[in-house]
Amino acid sequence: MGFFGKTKPESNKAKPINQTKAPTKDLDPMQPRAVHYAWQSISAAIFMWLVLLIIDWVAQSQILWAVAAASIGASTFSVFVLPRSHQSNPFRIVGAYVVAVILGEGMRYVTYYFYTAVSYSAPMIPYTHIFEIGAAISFFITLLALVALNVEHPPAAGLSLMLVLDIRDWILVGVVLVAIIILAVIKLIFYAALRDLY
């Protein structure tokens, strides 16, 4: 054989043939993806619809309604759209909301007593400034606690804000916690069937 008679060019021709077959195999797992988009999105919408009906019946102010709905909606998004993500772990979801409730309620008492003390010494200070500062501090402490306890779930931090800014009764807080527990149970039951949607 001469210099141009080597068989290497033939082996190079065989490789593109195998490469053209690879994309056809990758298309098969994508076929049921539309099914996951449909049933996971519909399930999330139905869950939020039921939760919103209960919140609307229980909440006594628009702030409570909005914050509770936003927190649960963000958690529902994590479970049904990114079920394999770190923040959608059921134990982290429940743990984060429990931590947020404890710290938010504790900060509310501190803020209230501070407001009572200031109202006697400086009655010209608007009460909203004090409660806004208390809510921001509650948010800050909650974030640190979530990271330190390894229960990172960002939507739960909004609940600590709600507890400081405007809390009329504990019924809504109970509804939020029950809804989050149900959401975590749904994640545990249907974990094998859930897929990340992006």
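Throughout, residues of each chain are indexed from 1 in the direction in which the sequence is written. Restriction of local features to residues with pLDDT of at least 70 applies here, the model being predicted, together with a cutoff of 80 or more for giving and counting side-chain atom pairs; totals for whole chains, interfaces and linings are based on all residues. Excluding hydrogens and water, the side-chain values take into account all heavy atoms of the structure.

Tracing the sequence through the fold places histidine 36 in helix 2 (residues 33-58). A polar contact of 3.4 Å, which involves the side chain of histidine 36, links it to the side chain of tryptophan 39. The contact rule is simple, with two residues in contact once any of their heavy atoms fall within 4.5 Å. Discounting chain neighbours no more than four positions away, the residues touching histidine 36 are Ser41, Ala193, Arg195 and Leu197. Here a strand is any run of E in DSSP of at least two residues, a helix any run of H or I of at least four, and the numbering for each starts at the N terminus. Polar contacts, as counted here, are pairs of nitrogen or oxygen atoms within 3.5 Å of one another; within protein the pair requires one atom able to donate a hydrogen and one able to accept it, and residues that are adjacent in sequence qualify only if both atoms are side-chain atoms.

Our next topic: helix 2. Helix span, as expected, comes to 1.5 Å for every residue beyond the first. Compared with the 38 Å implied by 1.5 Å per residue over 26 residues, the 38 Å span of helix 2 between its first and last C-alpha is a close match. Buried within helix 2 are the following residues: His36, Gln40, Ala44, Phe47, Met48, Val51, Ile55 and Val58. In this structure, the buried residues of helix 2 make contact with helix 3 (62-81) and helix 7 (171-189). Per-residue accessibility, obtained with a 1.4 Å probe over protein chains only, is compared with the maximum for each type, and a residue is labelled buried under 20%, exposed over 50%, and partly exposed between these values.

This paragraph deals with the packing of aromatic side chains. By convention, a stacked pair of Phe, Tyr or Trp rings (six-membered ring in the case of Trp) has centres within 6.5 Å and planes under 30 degrees apart, an edge-to-face pair has planes over 60 apart, and any other such pair is tilted. Applying the stated rule across the entire model yields two aromatic pairs. Consider the rings of tyrosine 112 and tyrosine 113, whose centres lie 5.8 Å apart with planes at 65°: the pair is edge-to-face. Exposure remark for tyrosine 112: the relative accessible area of 45% places this residue in the partly exposed category. With a relative accessible area of 56%, tyrosine 113 lands in the exposed category. Judged by centre distance (5.7 Å) and plane angle (50°), the rings of tyrosine 115 and phenylalanine 131 are tilted. Taken together, the residues span a long stretch of sequence, with tyrosine 115 in helix 4 (residues 90-121) and phenylalanine 131 in helix 5 (residues 127-148) at a distance of 16 residues. Given a relative accessible area of 15%, phenylalanine 131 falls into the buried group. Only Lys NZ and Arg CZ are tested; either one counts as a charge over a ring when it is within 6 Å of the ring centre and within 35 degrees of the ring normal. Above the face of the tyrosine 191 ring, arginine 84 is positioned so that its terminal group lies 4.2 Å from the ring centre.

Let's shift gears to the nonpolar core. In terms of nonpolar packing, the biggest core is built from 33 residues, with Ile55, Ile72, Leu172 and Val176 touching the most fellow members. Mapped onto this core, the elements with two or more residues apiece are helix 2, helix 3, helix 4, helix 5, helix 6 (155-165) and helix 7. With seven residues, the top contributor of residues to this core is helix 7. In this text, buried Ala, Val, Leu, Ile, Met, Phe, Trp, Tyr and Cys residues form a nonpolar core when linked through side-chain atoms within 4.5 Å.

In this section: helix 6. Across the eleven residues that make up helix 6, a large majority, nine, are buried. Listed as buried for helix 6 are Pro155, Ala156, Ala157, Gly158, Leu159, Ser160, Met162, Leu163 and Val164.

Our next topic: unusual backbone geometry. Even without being a glycine, asparagine 150 presents a positive backbone phi close to 60°. Summarising the element assignment, asparagine 150 is placed in the loop between helix 5 and helix 6.

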